Amino acid sequence: MQTTSLYQQVKNAITPYTDEHKTAFTVALSGGVDSVVLLHIMNALKAEIPQLQLSAVYVNHGLSQYGDDWQHFCEKLCAIVKVPFYSAQVKITNKSRTSLEELARDARYQALDQHSPSGSIILLGQHLNDQLETFLLRLKRGSGLQGLASMRQTRTLSSGRECLRPLLNSTRHSIEQFATEFKLEHITDDSNTDERFDRNFIRQQIVPLLSERFSGFEKSAARSVKLLQQQQDVLDEYTQLDLSQCQNIQQGLSCLQLANFSAARQANVLRCWLGQFTTLMPSQQQTQQILTQGLTAKADAQLLIQLTEGQVRRHQKFLYFVRETTVPDSQSLTAQKQLLSDGRTLIQLSGIGVRKPLSDEHVSVQFNCPQARIKPLKKPGHNSIKHWFKDAKVAPWLRANVPLIFYNEQLVYVVGHFISAEHADEKGIFWEIKI
């Protein structure tokens, strides 16, 4: 086994990690030929790299009637090769505008992350043919450069967990040959032959035809994908430079700076900016809508464009990505550190603020009271909190969640913003919010 090219490819892929003393690896084990071969090669590598720690995780999506049988197969295989085995059961909930394949993939990554030993690198069994199928699927969908660049050999999950695809440069044929040569038992997913699924149709009908017609097609396509990835990397470097010129410390995107760029560059920076907050990019139509309205709107225009995971809003000539939040419940303040219903903590401190409450004054924190009136310290006259927020240029979507401190029915303190002039005390109390 050690003399095969497949063994050497896996060894070369993990060497940069072991050189940095990252020696814990977890195989995402499905029972299919790809992950079974990967498990056996990694297990063989332990003889060459004694410090290597190996485990395996099986994720049962609940989408196949054979899921429990496959889990049992994987558990039995790991017992034979003496590799610690973990299993995870996930439930897929249908969502509009999201494919079942995408939902299952996201759930699988989350489960792999949760059930793999801490610090271990997750090894995925995708190979060159999977890469080619992904490329053709994204070509069918009209994807741009980033989409056509397909799968990277490495991937970092949102938790920071590293994933590696050691077989990404190996063909399905070479992996199957390896399994046959070393008599490695594996399972076959019956759904892989169901051509109602686009990926299976491409796998069964399209790729074999192309490979038969054009010698070396798989390797050539893989080189094209690598070139696309390199071009995307170069583009990303320039995009980050553009973004650094346009983004403020609150992660707002400057409409004035964006207007200096060409239309294509504007769209590119917008997608990069949105990528900080969501993986679900707007459609081409939505992108144009954001740019058109964002760059041409009047200064006081209330722009709101709904996306899948949030909203794009405009404030003071900046675009912001806003997630919908629940307004916290009002409550009496009875402790110096009080937990709010949205998970934040309100802390009472001593110093420049308002006088302490009198014995007959009930202290409460309330939210979203735009008509409550206050005369802020060093401000002219009484007015509504809505007026003062607008005067202070507080974004509209932030106002409802700002804690308002009341003594009985009187607003005395707006956390982080205003002190009631009628209640001000240099040796008084004030409040801060902690997330």
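What counts as what
Numbering of residues begins from 1 in every chain and follows the order in which that chain's sequence is written. With the structure being a predicted model, the display of local features is reserved for residues of pLDDT at least 70 and the display and counting of side-chain atom pairs for 80 or more, all residues being used for whole-chain, interface and lining totals. Note that water and hydrogens are dropped before the side-chain values are worked out from all heavy atoms of the structure. UniProt positions are given in the numbering used here, feature names are shortened, and annotations may be inferred rather than shown by experiment. Helix and strand labels come from DSSP, where a helix needs a run of H or I of at least four residues and a strand needs a run of E of at least two; each type is numbered from the N terminus. Relative accessible area decides the class of each residue, using a 1.4 Å probe on protein chains only: under 20% of the type maximum gives buried, over 50% gives exposed, and in between gives partly exposed. For this count, His and the chain ends are skipped, Lys and Arg are scored as positive, and Asp and Glu as negative. Each salt bridge in this description consists of a side-chain nitrogen of Lys or Arg and a carboxyl oxygen of Asp or Glu lying within 4 Å of one another. Contact between two residues is taken to exist if any of their heavy atoms lie within 4.5 Å; hydrogens are not considered. Points on a 1 Å grid over protein atoms alone make up a cavity when a 1.4 Å probe fits among them but cannot get out, and a pocket when they form an open set with protein on both sides within 12 Å along at least five of seven lines; lining residues each have an atom within 4 Å of a point. Grid points are joined across faces, edges and corners, and a volume is the space filled by probe spheres set on the points. Each Phe, Tyr or Trp ring (for Trp, its six-membered ring) is paired with any other whose centre lies within 6.5 Å, and the angle between the two planes then decides the class: stacked below 30 degrees, edge-to-face above 60, tilted in between. Note on geometry: a ring has a charge over it if NZ (lysine) or CZ (arginine) is within 6 Å of the ring centre and within 35 degrees of the ring normal. Any two strands with at least two DSSP bridges between them are considered paired. Comment: axis = line fitted to C-alpha atoms, over the contacting stretch for helices; angle = value between 0 and 180 degrees taken between N-to-C directions. Pairs of N or O atoms within 3.5 Å make up the polar contacts considered here, provided that, within protein, one atom can donate a hydrogen while the other can accept it, and that residues adjacent in sequence are counted only when both atoms are side-chain atoms. Every residue carries a pLDDT, the predictor's confidence in it, which falls somewhere between 0 and 100.

- The name given to the protein in an unreviewed UniProt entry is tRNA(Ile)-lysidine synthase, with the source organism recorded as Pseudoalteromonas rhizosphaerae.
- In the Catalytic activity (unreviewed entry) part of its UniProt record, the protein is described as follows: "cytidine(34) in tRNA(Ile2) + L-lysine + ATP = lysidine(34) in tRNA(Ile2) + AMP + diphosphate + H(+)".
- Listed under Sequence similarities (unreviewed entry) in UniProt, the entry text for the protein is "Belongs to the tRNA(Ile)-lysidine synthase family."

1. What about the side chain of Arg-165?
Here comes step 1: Tracing the sequence through the fold places Arg-165 in the loop between β6 (162–164) and α7 (172–181).
Here comes step 2: This buried residue, Arg-165, is left without a salt bridge; Asp-130 holds the nearest opposite charge, at 7.9 Å.
Here comes step 3: When neighbours within four sequence positions are excluded, Arg-165 is seen to be in contact with Tyr-109, Leu-124, Gln-126, Met-151, Arg-152, Gln-153 and Arg-155.

2. What to know about empty space enclosed by the protein
Here comes step 1: In the structure shown here, the tally under the stated rule is one cavity of 30 Å³ or more.
Here comes step 2: Size it by volume and the largest cavity reaches roughly 30 Å³.
Here comes step 3: Leu-128, Gln-131, Leu-132, Glu-218, Ala-221, Ala-222 and Val-225 are the residues that line the largest cavity.
Here comes step 4: When residues of the lining of the largest cavity are traced back to their parent elements, those giving at least two are α5 (128–140) and α9 (217–246).
Here comes step 5: At four residues, the largest contribution of residues to the lining of the largest cavity is made by α9.

3. Details of the packing of aromatic side chains
Here comes step 1: Per the counting criterion, the structure on display carries eight aromatic pairs.
Here comes step 2: Taking 5.5 Å as the distance between ring centres and 80° as the angle between the ring planes, the aromatic pair formed by Trp-273 and Phe-277 counts as edge-to-face. Phe-277 shares its class with Trp-273; the two are buried.
Here comes step 3: Taken together, a centroid distance of 6.3 Å and an interplanar angle of 45° make the contact between Phe-389 and Phe-418 tilted. Pair noted here: Phe-389 is in helix α13 (residues 385–391) and Phe-418 is in strand β19 (residues 418–419), with a separation of 29 residues, a long-range link. For the pair formed by Phe-389 and Phe-418, the shared burial category is buried.
Here comes step 4: By the ring-pair criterion, three or more aromatic residues cluster together here, those being Trp-273, Phe-277 and Phe-321.
Here comes step 5: For Arg-155, the ring lying beneath its charged end belongs to Tyr-109, and the centroid distance is 4.1 Å.

4. Considerations on the sheet that holds strand β20 (residues 424–434)
Here comes step 1: A sheet is described by the order of its strands in space; here three strands give the open sequence β12-β13-β20, paired in antiparallel fashion. What marks the edges here is a single partner per strand, and that holds for β12 (337–339) and β20. Within this sheet the neighbouring strands show an average axis-to-axis angle of 30°, counted without direction.
Here comes step 2: Where β12 lies against strand β13 (residues 345–354), three bridges are found, and the strand directions are antiparallel. Counted as the bridge partner of Gln-338 is Leu-346 from β13.

5. Quick word on the UniProt feature "domain: Lysidine-tRNA(Ile) synthetase C-terminal" (unreviewed entry) in the protein
Here comes step 1: Here, UniProt's "domain: Lysidine-tRNA(Ile) synthetase C-terminal" (unreviewed entry) annotation points to residues 363–431.
Here comes step 2: Its end C-alpha atoms 12 Å apart, residues 363–431 is made of 16% helix and 39% strand.

6. Some words on the UniProt feature "binding site: ATP" (unreviewed entry) in the protein
Here comes step 1: Using the residue numbers shown here, the UniProt feature "binding site: ATP" (unreviewed entry) corresponds to Ser-30, Gly-31, Gly-32, Val-33, Asp-34 and Ser-35.
Here comes step 2: Positionally, Ser-30 belongs in the loop between β1 (24–28) and α2 (33–48).
Here comes step 3: Given a relative accessible area of 34%, Ser-30 falls into the partly exposed group.
Here comes step 4: Not counting residues up to four positions away in its chain, the partners in contact with Ser-30 are Ser-35, Tyr-58, Trp-70, Cys-74 and Ile-187.
Here comes step 5: Looking at Ser-30, its side chain comes within polar contact range of the main-chain nitrogen of Gly-32, at 3.1 Å.
Here comes step 6: Tracing the backbone through its elements, the reader meets Val-33 in helix α2.

7. Quick notes on the confidence of the model for the protein
In regions of low pLDDT, the predicted coordinates are not meant to be interpreted in detail.
Here comes step 1: Considering every residue of the protein, the mean pLDDT works out to 92; 98% of them sit at 70 or more.
Here comes step 2: Element-level mean pLDDT values for the protein span from 84 in helix α4 (residues 100–115) up to 98 in strand β17 (residues 404–407).

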